[in-house]
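Coordinates in review
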Amino acid sequence: MLPSLAADRALLEDLDGQISELKRSIAVLRQQKAAVQQRLGVYKYPVLSLPNEIISEIFIRFLPAYPECPPSQGPRSPTFLTQICRRWREVALSTPELWRALSLSVGLGQQLGDLWLDRAGSCPLSLEVDEFHSTNGPEAVAAMLSYLGRCEYLRLRLYESQSQLSTIQDAMSDDTMALLRHLDLEFDHDEDLVFHDVPLLRSVVLDYNAATHVVLPWTQLTSVTLREFFYSDCVSMLLKTPNLISFRLDEFSVDQLPDWDPPSVPLPHLQSLVITSMKSSVRRSDCLATFHAPAIRKLHIPEAILGSHPVPALTSFVSRSGCQLEHVHIAGNRLASDHSYRSALALSSLKLLILSEPYVPESVAVEEGEADPSDPIHSA
């Protein structure tokens, strides 16, 4: 027994020695761990070292450019920015510009809509109600009414109930829209909508029905876009807007009025005229002749409105207006060659000429007798 006990005592002493050695190793490792943790604690990721003001500006640029309304959820939405980390959430919730644009057609409900717009603080607002892409039209309109006085940009697509217009009209009668700068309006009802006390309004987008049933301070408008108009109605509308700088006409139809003598439309400040598409293939050379626009610089038109002899019609317009065109875009099937246009505009201050459809020499030979098969095609 005695030798066995002596051996165990020696083994125990050896084990204590190993334990002491391991404790010293652990102590060293703990010191190394503390040093590493200290270095990590001192380091800050560059993005976390930015001032809140810079982060706010990055967030604003992350969203669609105002006044476009961002999605209410998911990427490109301000709510997405509140889900990254605590600090970013605090910055996002304290940046009113992130919450100043909202489409009320996405089914947020009035409570969430109010919460969203309350975060915008005192910022002017960009609001949208589109009943065509929504199932909550009446609720969206009701949510919008409380904020009409703060609207800077307003887009309305109303198709469901005519009472919606009456509700909006009553709200506008009780609250001025002194901040409104841009109005995009489309509805299918026959009730008039009167916008009064809108001193900052300069830009409107209207479909035919809205244009014929809305009362606006036409003379103060500088930008007008009309959709789905007959050309004669368009001319009547332009006679009320002498201070236009920019005019755009989408999806228009040429009137079948052989005896119609369009009046001259003086637009002394007009710089940009864009006509995107025609609903018929009728060519009518007096369409562009309607305009007298000495300040025009940008012209985007389908060739059909220049008639069957487009190049003389274009040069006549330039000569009559005394304008200096810089950007010209001729769209649609063409009767005139690239060379004809470039020659006609050679003496102007032209910087850019876009001919978006190929020129077919055979059609020119039939219509104008000036086919030039060797003329190079420069199509956009």
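Along every chain, residues carry numbers that run from 1 in the direction the sequence is written. The predicted nature of this model means local features are confined to residues of pLDDT at least 70 and side-chain atom pairs, given and counted, to a pLDDT of 80 or more, with totals for whole chains, interfaces and linings taken over all residues. The basis for every side-chain value is the complete set of heavy atoms in the structure, and neither hydrogens nor water enter the calculation.

Points about the UniProt feature "coiled-coil region" (unreviewed entry) in the protein
The cut-off we apply is this: UniProt positions are given in the numbering used here, feature names are shortened, and annotations may be inferred rather than shown by experiment. Note on conventions: DSSP H or I runs of at least 4 residues are helices, E runs of at least 2 residues are strands, and numbering of each starts at the N terminus.
Under the local residue numbering, the UniProt record ascribes the feature "coiled-coil region" (unreviewed entry) to residues 12-39. End C-alpha atoms of residues 12-39 are separated by 40 Å, and the span's content is 100% helix alongside 0% strand.

With respect to the nonpolar core
Heads up, the rule is: Residues belong to one nonpolar core when they are buried, are Ala, Val, Leu, Ile, Met, Phe, Trp, Tyr or Cys, and are joined through side-chain atoms within 4.5 Å. Relative accessibility decides the category of a residue: with a 1.4 Å probe and only protein chains considered, values under 20% of the type maximum give buried, values over 50% give exposed, and everything between is partly exposed. Between two residues, a contact is recorded if the distance between any of their heavy atoms is within 4.5 Å.
Formed by 89 residues in total, the largest nonpolar core has its most connected members in Met144, Leu154, Leu185, Phe195, Leu206, Phe247 and Leu288. The biggest single contributor to this core is helix α9 (residues 231-238), with five residues. The contact partners of Leu154, leaving out residues within four places of it in the chain, are Leu127, Met144, Leu148, Met177, Leu180, His182, Leu183 and Asp184.

A few points about the sheet that holds strand β15 (residues 352-355)
Either a parallel or an antiparallel arrangement is found when strands of a sheet pair, and the pairing is made through backbone hydrogen bonds. Quick note on the threshold: DSSP calls a pair of strands paired once it identifies at least 2 bridges connecting them. Note on definitions: angles span 0 to 180 degrees between N-to-C directions of axes, and those axes are lines fitted to C-alpha atoms, for helices only across the stretch in contact.
As summarised here, the arrangement of the 11 strands in space is β1-β2-β3-β4-β6-β8-β9-β11-β13-β14-β15, forming an open sheet in which the pairing is parallel. The open sheet terminates on both sides in strands that have one partner only, identified here as β1 (101-103) and β15. The mean inter-strand angle of the sheet, taken between neighbouring strand axes irrespective of direction, is 5 degrees. Where helix α6 (residues 137-145) meets the sheet, its contacts fall on β2 (125-130) and β3 (151-158), and the angle it forms with β2 comes to roughly 160 degrees.

Here we look at unusual backbone geometry
Backbone torsion omega between Tyr66 and Pro67 reads 15 degrees, so that peptide bond is classified as cis. Positionally, Pro67 belongs in the loop between α2 (52-62) and α3 (78-81). A positive phi is found at Arg76, a non-glycine position, where the angle reads about 70 degrees. Structurally, Arg76 can be placed in the loop between α2 and α3.

Some words on α9
Three- or four-residue spacings in an α-helix give side chains the same orientation, since the helix completes a turn every 3.6 residues. Of all the eight residues making up α9, six are buried; the element is thus mostly covered by neighbouring parts of the structure. For α9, the set of buried residues is Tyr231, Ser232, Cys234, Val235, Met237 and Leu238.

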